[in-house]
Amino acid sequence: MSTVVIDPVTRIEGHLRIEAETDQNGTITRALSSGTMLRGIENIMIGRDPRDAWAIAQRICGVCTLVHGIASVRAVENALAYPIPPNAELIRNLMIGAQFIHDHVMHFYHLHALDWVDVVSALSADPAATAHLQQCLSPWPNNSTAYFADVKQRLSGFVGSGQLGIFANGYWGHPEYKLPPELNLLAFAHYLEALDWQRKASRLHALFGGKNPHPNFIVGGAPVALDGKTGKTALDSTGRVLVKTVIEDMRRFVEQVYVPDTLAIARYYKDWSRRGEGVGNFMTYGEFPDPLSGVDDTSRLFVPRGVILNRDLSTIHPVDLDDPAQVQESVSHSWYQYGVGQEQPLHPYAGETRPNYTGPQPPYANLDMDQAYSWLKSPRWRGQPMEVGPLARVLMLYASGHQATQTLVDGALAELKLPLTALYSTLGRVAARTFETKLIADQMLVWYGQLIGNLRGGDRATHNDDLFYPASWPASAQGVGYTEAPRGALAHWVVIQDGRIANYQAVVPTTWNAGPRDAQGQEGPYEAALRGHPLLDPKQPIEILRTIHSFDPCLACAVHLVDPDGESLLRITVA
Ligand code: NFE
Ligand code: MG
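About the criteria used
- Residues numbered from 1 in each chain as written.
- Chains lettered and ligands numbered in written order.
- Predicted model: local features only at pLDDT ≥ 70, side-chain atom pairs only at ≥ 80, totals over all residues.
- Heavy atoms only, no water.
- Helix = DSSP H or I, 4+ residues; strand = E, 2+ residues; numbered from the N terminus.
- Buried < 20%, exposed > 50% of the residue type's maximum accessible area, 1.4 Å probe, protein only.
- Lys, Arg positive; Asp, Glu negative; His and termini not counted.
- Charge placed at Lys NZ, Arg CZ, Asp CG, Glu CD.
- Salt bridge = Lys/Arg side-chain N within 4 Å of Asp/Glu carboxyl O.
- Donors = N, O, S within 2.8 Å, 3.2 Å for Na, K, Ca; no water.
- Expected span 1.5 Å × (residues − 1).
- Arc of directions from axis to C-beta.
- Contact = heavy atoms within 4.5 Å.
- Phe/Tyr/Trp six-rings, centres within 6.5 Å; stacked < 30°, edge-to-face > 60°.
- Lys NZ or Arg CZ within 6 Å of the ring centre and 35° of its normal.

Colleague: What exactly am I supposed to notice about the overall build of the protein chain here?
Modeller: On a plain count of helices and strands, the protein chain comes out with 16 helices and 11 strands. Expressed as a percentage of the 575 residues in the protein chain, the buried residues total 60%. Mean positive and mean negative side-chain charge positions of the protein chain (47 and 59 charges, respectively) differ by 5 Å.

Written out as structure tokens, the structure reads:
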């Protein structure tokens, strides 16, 4: 038996440590997922004005920028029974949609691709054959021999100088890399293109929210005026044309680059459709409300809300975020203390964030599975661990009969000659992220059209001022704001007393997926997903990276202060 430690896992946000024990054949028998950074944003909220909470909450993360702002304003609006105008709902849908598309493309190319794409192999690609490959895949215009010869030249410049820079420390040449050199070169070209594309995509947030990352929000609506005249506001007629252009550019890249690349790469990694499943339970809170019925009508969300247990797609279980018996967080294996004792999980309205570090001190011995070993709590739904994120959402859309999802998923699986059960895997999780990006990119133009339709009909309202001032609020109130963040179901619970925040709890997607064992000893999704992975070479554990990256970890979100001595723990060790 040996233990493989990866700390920190890179190409993620925040600080994650993975420890995996292997048997004599190199197969992982058990894994521990540990968030090694403490943050304290929930505690910073106490005593503040609920109208300011979004601005602080949003600093939980700059990757899924925006989503904590959305969850926060919705939590306060829910507490105060505060309706918002349909235009504000549409503007939020467009901003959340843009976040999804931006974040997923970035994840695929910049955070995950190099687990599958060997950039050094791309140096032996034939540019003419790469151009031919691109022409077969899609009508994307960067498809000439000269273009790929230039990309190859730039890559050899990196390698020739002996400075791989951001490409240093890859497991280049590992036998788990299966793509032909031409596909490696093509994907590398798109890695570079996606850097430029994402800069343009972020303009949509700037137009609606003044900036990116961390666009502005406001309790009661959207912080932007819709104006008919040019030159008056950011969303005058010129601004609106720019919004449409950004949506169309995003969509073209998704359709002509991201989707075809995913399928082309997946063809070489079909064995990854049988590994990395996780817990087999999936949960969504749902997202993209109908602009007229708003977030309270959870029956009309574009991505439905629900739970799927044990892969059973025939039943979608209802989820109620106010029910104290449903969403609960356990700290039995976390560096926190609960007033009620370590074994008792708490619903977020009654939640506590009291750090209690009992873990190893430098030089950091291995973690003990029977003790606390993470700064993440363990969230559970009715006591069960849940995977959240793209795969959960695509399964929920599929199971609820969403036609476009079924067509997309069935078509891709048929092309790859894989069964539906292939979705329950590392490869399925990666593909689901691509599928939902396509579905949301298509939907963006629908929301844009509805917004323009409202304007043409004379409805320019973006904010409801009725309840903005605390004098109109009840003395005590509580509410929950939900959203789907790119990495999964996200909600903030707020308790308001006399116009101030009395308690604030965020339960975050990466906490669901990367959390440690609970009081019953049940693993979290990362831990369950790693069990059973054979490692070809424990000194180069690329298999662990593939499965962990397929969840798109964000530990900044998950533990929402920084390690008091600010130490970074840079080591990969094989004991
Ligand atoms: Ni920091 Fe986040 C998303 C949230 S993470 S990236 O998506 O909330 O789990
Ligand atoms: Mg929390």
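Colleague: It is not clear to me how the pattern of salt bridges should be interpreted in this structure. Could you clarify?
Modeller: Pairing of side chains with opposite charge becomes possible as their charged atoms draw close. Inspection of every chain in the model, using the stated rule, returns 32 salt bridges. Arg51 is paired through a salt bridge with Asp49; the nearest N and O atoms lie 2.6 Å apart. Taking the relative accessible area as the measure of exposure, Arg51 reaches 18% and is therefore buried. On the accessibility criterion, Asp49 (12% relative accessible area) is buried. Through salt bridges with shared partners, a single network forms among Glu176, Asp271, Arg275 and Arg546.

Colleague: Would you mind going over the coordination of the iron atom of ligand 1 with me for this structure?
Modeller: Ideal values differ by geometry: the angle at a metal is 109.5 degrees with four tetrahedral donors, but 90 or 180 degrees with six octahedral donors. Coordination of the iron atom of ligand 1 by the protein comes from Cys64 (SG) and Cys557 (SG), over a distance range of 2.5 to 2.7 Å. In this structure, the iron atom of ligand 1 lies 3.1 Å from the nickel atom of ligand 1, and both are coordinated by Cys557. Remark: Cys557 occurs in helix H16 (residues 555-559) and Cys64 occurs in the loop between helix H2 (53-57) and helix H3 (67-79); sequence separation between them is 493 residues. Neither residue differs from the other here; Cys64 and Cys557 are each classed as buried.

Colleague: Any chance you could explain helix H6 (residues 145-160) here in plain terms?
Modeller: Note that an α-helix has 3.6 residues per turn; residues three or four places apart therefore point the same way. With 16 residues, H6 extends 22 Å between its outermost C-alpha atoms, agreeing within 8% with the 22 Å of an ideal straight helix rising 1.5 Å per residue. Considered for burial, the residues of H6 that qualify are Phe148, Val151 and Leu155. The arc enclosing the buried residues of H6, seen along the axis, measures out at 60 degrees, which places them on a common side. Every exposed residue of H6 that faces more than 90 degrees away from the buried side is listed here: Ala146, Gln153 and Gly160. Against the buried residues of H6 lie helix H5 (127-137) and helix H7 (181-201).

Colleague: What am I meant to see in the packing of aromatic side chains here?
Modeller: Describing an aromatic ring pair means giving the distance of the ring centres and the angle of the ring planes. In total, this model carries 23 aromatic pairs according to the counting rule given. Summarising the aromatic geometry, the rings of Tyr109 and Phe253 are spaced 6.1 Å apart at their centres and angled 70 degrees between planes, so their arrangement reads as edge-to-face. On the criterion of sequence distance, the pair formed by Tyr109 in helix H4 (residues 86-112) and Phe253 in helix H9 (residues 237-266) is long-range, its members being 144 residues apart. Considered together, Tyr109 and Phe253 belong to a single accessibility category, that of buried residues. Put simply, the rings of Phe108, Tyr109, Trp140, Trp197, Phe253 and Tyr258 pair up and form one aromatic cluster. One Lys or Arg, Arg51, reaches over the ring of Phe468 and ends 5.3 Å from the middle of that ring. One cation-aromatic arrangement involves Arg275 over Trp272; the distance from NZ or CZ to the ring centre is 4.0 Å.

So far we have only geometry, and geometry alone does not tell us how the molecule works.
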